[in-house]
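One letter stands for each residue in the lines below.
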Amino acid sequence: EMSEKKSKNPDSALPISIAQHFLDGEGLVTGDPAEFEGEGITGEGKSTGFRTYNFHTGNIMVSVYESKPGKVRIEGAVYDEFITVLEGTLILRPDSGGEYTYKAGQSLIVPKGYTGGWEMPECYRELIVVDTQFMEEQD
């Protein structure tokens, strides 16, 4: 019991700064497409290659994600995702209809269960905040 309390010691929890150069796309590392296995994402977009940087993984995961132009299909998103578009354009086409376009500076939430198209017509970079409960469910 005591050891569990120690690990949750609030004195050890420090703010995590989101360095601007990562938001600007500097210092990102090449991502592994295997990261998306089990997340219901299919399509040609995955093969275009992406770069990423993870700031934090706890109850939420906070990352920068950058991709070349591409299109993917999401078959039921496995988590809630908050997005701020940093560069480029994101076009979402849910199966239920409509088309939603987001540009740099705009924010949105892609809710768990989203099914439909995800298009990045140009070089694209986003700041994402993801609910990590799905990681526990996969174990």
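Residues numbered from 1 in each chain as written. Predicted model: local features only at pLDDT ≥ 70, side-chain atom pairs only at ≥ 80, totals over all residues. Heavy atoms only, no water.

Q: With reference to specific residues and values, describe the confidence of the model for the protein.
A: Chain-level statistics for the protein give a pLDDT mean of 86 and a share of 81% at 70 or above. Across residues 1-6 the pLDDT falls below 50, and counting only partners more than four positions away or on other chains, this stretch makes zero contacts in the model. (pLDDT = per-residue confidence, 0-100. Contact = heavy atoms within 4.5 Å.)

Q: Tell me what's going on with the pattern of salt bridges, and back it up with residues and numbers.
A: Overall, the coordinates contain seven salt bridges when judged by the stated rule. Ionic pairing is found between Arg-51 and Glu-66, a salt bridge with its closest N-O pair at 2.9 Å. With a gap of 15 residues between them, Arg-51 in strand β3 (residues 50-57) and Glu-66 in strand β4 (residues 60-67) connect regions that are remote in the sequence. Two residues, Glu-87 and Arg-125, come together in a salt bridge whose shortest N-O distance is 2.9 Å. You can see Glu-87 sitting in strand β6 (residues 81-87) and its partner Arg-125 sitting in strand β11 (residues 124-131), a full 38 residues away along the chain. Taking relative accessible area as the criterion, Arg-125 reaches 7% and is therefore assigned buried. Several salt bridges converge on common partners, so that one network encompasses Arg-51, Glu-66, Glu-87 and Arg-125. (Salt bridge = Lys/Arg side-chain N within 4 Å of Asp/Glu carboxyl O. Helix = DSSP H or I, 4+ residues; strand = E, 2+ residues; numbered from the N terminus. Buried < 20%, exposed > 50% of the residue type's maximum accessible area, 1.4 Å probe, protein only.)

Q: Help me get a handle on the packing of aromatic side chains, residues and values and all.
A: Enumeration over the complete set of coordinates arrives at five aromatic pairs. A ring pair is formed by Tyr-79 and Phe-134, whose centres lie 4.7 Å apart and whose planes are at 50°; its orientation type is tilted. Here Tyr-79 is found in the loop between β5 (70-75) and β6, whereas its partner Phe-134 is found in helix α3 (residues 133-138), with 55 residues between them in sequence. You can call Tyr-79 buried: its relative accessible area is 11%. (Phe/Tyr/Trp six-rings, centres within 6.5 Å; stacked < 30°, edge-to-face > 60°.)

Q: Now, about the environment of Gly-116: what can you tell me, with residues and values included?
A: Within the secondary structure, Gly-116 sits in strand β10 (residues 115-120). A C-alpha to C-alpha distance of 4.2 Å links Gly-116 and Pro-94, two positions 22 residues apart in sequence. Ignoring any residue separated from it by four or fewer positions in sequence, one finds Gly-116 in contact with Val-72, Arg-73, Ile-74, Arg-93, Pro-94 and Asp-95.

Q: Explain the environment of Cys-123 to me, using residue names and the numbers behind them.
A: Its place among the elements puts Cys-123 in the loop between β10 and β11. Sequence separation between Cys-123 and Lys-68 is 55 residues; the distance between their C-alpha atoms is 4.7 Å.

Q: Break down the environment of Ala-77 for me, citing the residues and quoting the values.
A: Of note, Ala-77 is situated in the loop between β5 and β6. Sequence-wise, Ala-77 and Lys-112 are 35 residues apart; in three dimensions their C-alpha atoms are separated by 5.0 Å. The residues contacting Ala-77, other than those within four sequence positions of it, are Pro-111, Lys-112, Gly-113 and Tyr-114.

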